[in-house]
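Coordinate inspection notes
For reference, the chains in residue letters:
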Amino acid sequence: MSKLRFYMAMTAAKLSAVALRLLGRNATYLPGLIALKNCKDFIGFLQKPETLICVTGTNGKTTTSNLLNTVLTHNGYKVTNNSFGSNVQAGVAAALLLNSTFTGKHKNKVAVLEVDERSSLLVYKYITPDYLICNNIMRDSLKRNAHTEFISYVINTAVPAQTKVFLNADDLNCADLMPQCKNRTYFGVEAERPEELPKGQIRDVCYCPVCGGRFAPDYLRFNHIGRWHCTKCDNKSPDRDYCVTAIDRVNHTFTVTAENGEHTFRLINDNIVNVYNFCGAISLLRAFGLTWEQISSAFDAGKLVQTRYDTLDAGNFKVTMILTKGQNPIATSRVMNYVSTCEGDNKCVLFLVDDVEDNINNSESTCWLYDCDYTPMADEKIGRLIFAGPRCKDHYLRALMTGIPKEKIVLHETTADAASLVDTDTYHDIFILYDNYRLDEAVAMKKQFAARGEVKA
Amino acid sequence: MIEILFGEVCNLYGDSQNEVYLKQTLPAAEFIDTAITDEPYFVNNTPQMILLGGMSEHTQRRVIEKLLPLKSRIEELIASGTVFLCTGNAGEIFTKHISYVTENIETDALGIFDLTVKTDWFKRYNGKVLGTADGVTVTAFRSSFSFIYGDNSDCYFLKAERGCGINPDTKLEGMRKNNLICTSLLGPLLPLNPLFTEYLIKLAGFDAPAAFRDAAMDAYEQRLKEFRDPKTVF
């Protein structure tokens, strides 16, 4: 009976995928949802690929997943993945079923699946990853993810003990995850060790889970990311098996050192959060069996996905577009920090970060703004800050509370024509920070800027 | 003196900015940050106000463990009119008992209010509240794993016009005893509500306009309009 249900679910899901494609729509979620509606243990009936890699963690899942996919594909593997689709149970089901035959036999040897942390219990009940990477465990949407203790509990409860795990050694919330998994590889970044502790940022690591003593930072990069030791017992950040020991921002390279050697890679993107993502992916790919050179050659050809990071050189001015996940205070803070470190003496930042869905017949919860660190926007090299969208007044108050002078802030209650507020004669380095749901508007703005400049987008 | 109780671990969902906003509103006031490993300032002194923010469930149990031996001193402070503002799940420590369903843990709390709490990690509630507390209209958000049960009709903080109270079956939100204010509304309650900020500091003996009053009022009034819109989903 169960098998019959599986075949009926598979038929309905495959037909829905065909229909969606005929309509020109992505089939990255709905077929999975249909399959699960008809057969709730659908994923359990599917044959798994020879190697199953899963990616989880608060921030950097998609970047890491894309990178793993890119490197494996570059090296001749056909890879099943859900990087462009949903990362919840239905998205995972869709990715697997669309790469399976009608009888459930998997077509590709490798799958790289991004798995939302909260979906862990529903996904790992049916599939056991061979490799699982977790980049970090940080504050995320308070509505969905609540707090790091809850997310850690879900992951710890869900992941099978035989999975080989790759963990960020510089994030104590992450390093302590999944104690049942004994095959553990730690990665991290030692290069560009900061000398001062960041101020005014929330930290989700304060006390030792072993003895309750106070944790003291050896150094911190941002929030709780850094190296720690307990002031009462021997607990400390674990040693790294793969470590970024050098970052060359002039020649755009970074060096990873491990017990089995070291290698220098092209730095695809110089945001430190991505350096962590790159190092994590490299550690996993080495365990998978690729050589340093095989990985490196893919880095030479690779770039970040355009929907997350894109640039436009319009001749007389430059535009940088960066995905900035609304409701996620740490991710948003890191983007603001990154913008403050980018080149430019008089930058203009266009802020399109609000939850579109949550503002339709609704009023978005703005609590997350108060966990964001707006301090980087106070940098004197940022000359203009434009908050556009329905929550612009909330951003404005938050900016004033951070000490950003009101003279450099412009408010605009809609996003549609916000690009017209940017004076490209005055501001030559323009940054568009946009939420997931504002991608189309950000792309339209890029075109508007291209039309005003000397090139076409 | 304003005491921020265990601010480094009780700061979920923007709570830390309540302290920042108070400091900006009352630049001359003195503040003290008490770590969970230290003895609270209030044990041997009488602060004008004590702030306690939202926390994880593990931390909540640790805070209860820390404060239970200080219960009689806390009762003295409540009786003498010290202002307490406890946001998120912080107020739950003043109830009688908390059941952590997912973790299968039962904990006795301070018992200032004859109420009980049920916390379930797999039942997340997200909502909004529009209500009036002592004549002041408050707009705020709520996200929680827990609800409080029991009769708070003689000790509620505000009456909700929209949104729910301590649980979905009541419009009476939070608890209040003298100037002990416990509300499940989240962290940045003060910058979101400049009028309530002014009300609260008056209770503590201060008199000042809320910081960045014009900007705060603009944002508050927009939210008030949205919250009063019948189309807005609570």
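Since the model is a prediction, treat every value here as computed from it, not as a measurement.

It is worth spelling out the overall build of chain B at this point. Along chain B, the regular secondary structure elements total six helices and 14 strands. The globule rule puts the C-alpha radius of gyration for 234 residues at 17 Å, and the 17 Å found for chain B is close to it. With respect to the three principal axes, the spread of C-alpha positions in chain B is 45 × 40 × 30 Å. Considering only contacts in chain B between residues 6 or more positions apart, those separated by 24 or more positions represent 67%. Of the roughly 8700 Å² of accessible surface on chain B, 48% is carried by carbon and sulfur atoms. If the 23 positive side-chain charges of chain B are averaged to one point and the 31 negative ones to another, these points end up 6 Å apart.

The full count for this structure, using the stated rule, is 27 salt bridges over all chains. Of the charged contacts, one joins A:Asp170 and A:Arg227 as a salt bridge, the two residues approaching to 3.0 Å between their closest N and O atoms. One end of the pair, A:Asp170, is in the loop between strand S5 (164–168) and helix H8 (172–175); the other, A:Arg227, is in strand S8 (residues 225–230), with 57 residues separating them in the sequence. The exposure class of A:Asp170 is buried, given its relative accessible area of 0%. Residue B:Arg213 is joined to B:Glu198 by a salt bridge in which the shortest nitrogen-to-oxygen separation is 2.6 Å. With B:Arg213 in helix H6 (residues 213–228) and B:Glu198 in helix H5 (residues 194–203), the pair connects residues that are 15 residues apart, well separated along the chain. The class for B:Arg213 is partly exposed, based on a relative accessible area of 31%. Several salt bridges converge on common partners, so that one network encompasses A:Asp170, A:Glu190, A:Arg193, A:Arg227 and A:Arg240.

By definition, the strands of a sheet pair up through backbone hydrogen bonds, in either a parallel or an antiparallel sense. Residue and element names in this part refer to chain A. Strand order across the open sheet formed by nine strands is S2-S3-S1-S4-S5-S6-S9-S10-S11, with mixed pairing between neighbours. Only two strands of the sheet have a single neighbouring strand rather than two, namely strand S2 (79–81) and strand S11 (261–266). The mean angle between the axes of side-by-side strands here comes to 20 degrees, regardless of whether they run parallel or antiparallel. Taken together, the four bridges between S5 and strand S6 (residues 184–189) define a ladder with parallel strand orientation. Within the sheet, the bridge partner assigned to Val-165 lies in S6 and is Arg-184.

Residue and element names in this part refer to chain B. Taken together, the four strands give an open sheet; going across it, the order is S9-S8-S11-S12, and neighbouring strands pair in antiparallel fashion. Strands at the two margins of the open sheet, each flanked by one partner only, are strand S9 (136–144) and strand S12 (172–173). Note that strand S11 (residues 158–162) and S12 share two bridges and pair antiparallel. Within S12, the position partnered with Leu-158 by the bridge is Glu-173. Packed onto the sheet, H6 meets strand S8 (125–133), S9 and S11 and runs at close to 75 degrees relative to S9.

Interfaces are frequently sized by the accessible area removed from exposure as the parts join. Taken together, the contact pairs 34 residues of chain A with 44 residues of chain B. In total, about 3400 Å² of surface goes out of reach between chain A and chain B, with carbon and sulfur atoms giving 59% of it. At the boundary of chain A with chain B, the tally comes to three salt bridges. One salt bridge connects B:Glu226 with A:Arg391, and the closest N-O pair in it is separated by 3.0 Å. Summed over the shared surface of chain A and chain B, the number is 19 residue pairs in polar contact (both at pLDDT 80 or more). Of all the secondary structure elements, the ones that give two or more residues to the side of chain A that touches chain B are helix H7 (148–158) and helix H12 (392–401) of chain A.

Bringing unusual backbone geometry into the picture now. In this structure, A:Met178 is a non-glycine residue whose phi angle is positive, near 45 degrees. Position of A:Met178 among the secondary structure elements: in the loop between H8 and S6. Phi is positive for B:Asn178, which is not a glycine, with a value near 55 degrees. For B:Asn178, the location among the structural elements is in the loop between strand S13 (175–177) and strand S14 (180–182).

Let us now look at the domain arrangement of chain A. Residue and element names in this part refer to chain A. Each domain of chain A was delimited in the assignment, giving domain 1 (2–301) and domain 2 (309–452). Each of domain 1 and domain 2 has a C-alpha centre, and these two points are 28 Å apart. Listed by partner, the interface residues are 16 residues for domain 1 and 14 residues for domain 2. Counting the surface lost from both domain 1 and domain 2, the interface buries some 1400 Å², and carbon and sulfur atoms represent 48% of this. Our count for the domain 1 to domain 2 interface comes out at one salt bridge. Applying the counting rule to domain 1 against domain 2 returns six residue pairs in polar contact (both at pLDDT 80 or more). Of the residues that constitute the side of domain 1 that touches domain 2, the class distribution is five nonpolar, seven polar and four charged.

If you look at the biggest cluster of nonpolar residues, it comprises 119 residues, and the most contacted ones within it are A:Phe42, A:Leu113, A:Leu433 and B:Phe196. In this view, A:Leu433 contacts A:Ile322, A:Thr324, A:Val335, A:Met336, A:Val339, A:Val349, A:Leu350, A:Phe351, A:Leu352 and A:Val353; residues no more than four positions away in its chain are not counted. In this structure, A:Met138, A:Leu267, A:Ala281 and A:Leu285 belong to the second largest nonpolar core, which totals 44 residues.

Rules and cut-offs
- Residues numbered from 1 in each chain as written.
- Chains lettered and ligands numbered in written order.
- Predicted model: local features only at pLDDT ≥ 70, side-chain atom pairs only at ≥ 80, totals over all residues.
- Heavy atoms only, no water.
- Helix = DSSP H or I, 4+ residues; strand = E, 2+ residues; numbered from the N terminus.
- Rg over C-alpha atoms; globule rule 2.2 N^0.38 Å.
- Contact = heavy atoms within 4.5 Å.
- Areas by Shrake-Rupley, 256 points an atom, 1.4 Å probe, with all protein chains shown as cover.
- Lys, Arg positive; Asp, Glu negative; His and termini not counted.
- Charge placed at Lys NZ, Arg CZ, Asp CG, Glu CD.
- Salt bridge = Lys/Arg side-chain N within 4 Å of Asp/Glu carboxyl O.
- Buried < 20%, exposed > 50% of the residue type's maximum accessible area, 1.4 Å probe, protein only.
- Pairing = 2+ DSSP bridges.
- Axes fitted to C-alpha atoms, helices over the stretch in contact; angles between N-to-C directions.
- Buried area = accessible area lost by both parts, 1.4 Å probe.
- Polar contact = N/O pair within 3.5 Å; in protein donor to acceptor, adjacent residues only side chain to side chain.
- Domains from an automatic or database assignment.
- Nonpolar A, V, L, I, M, F, W, Y, C, P; charged D, E, K, R; others polar.
- Core = buried A, V, L, I, M, F, W, Y, C linked by side-chain atoms within 4.5 Å.

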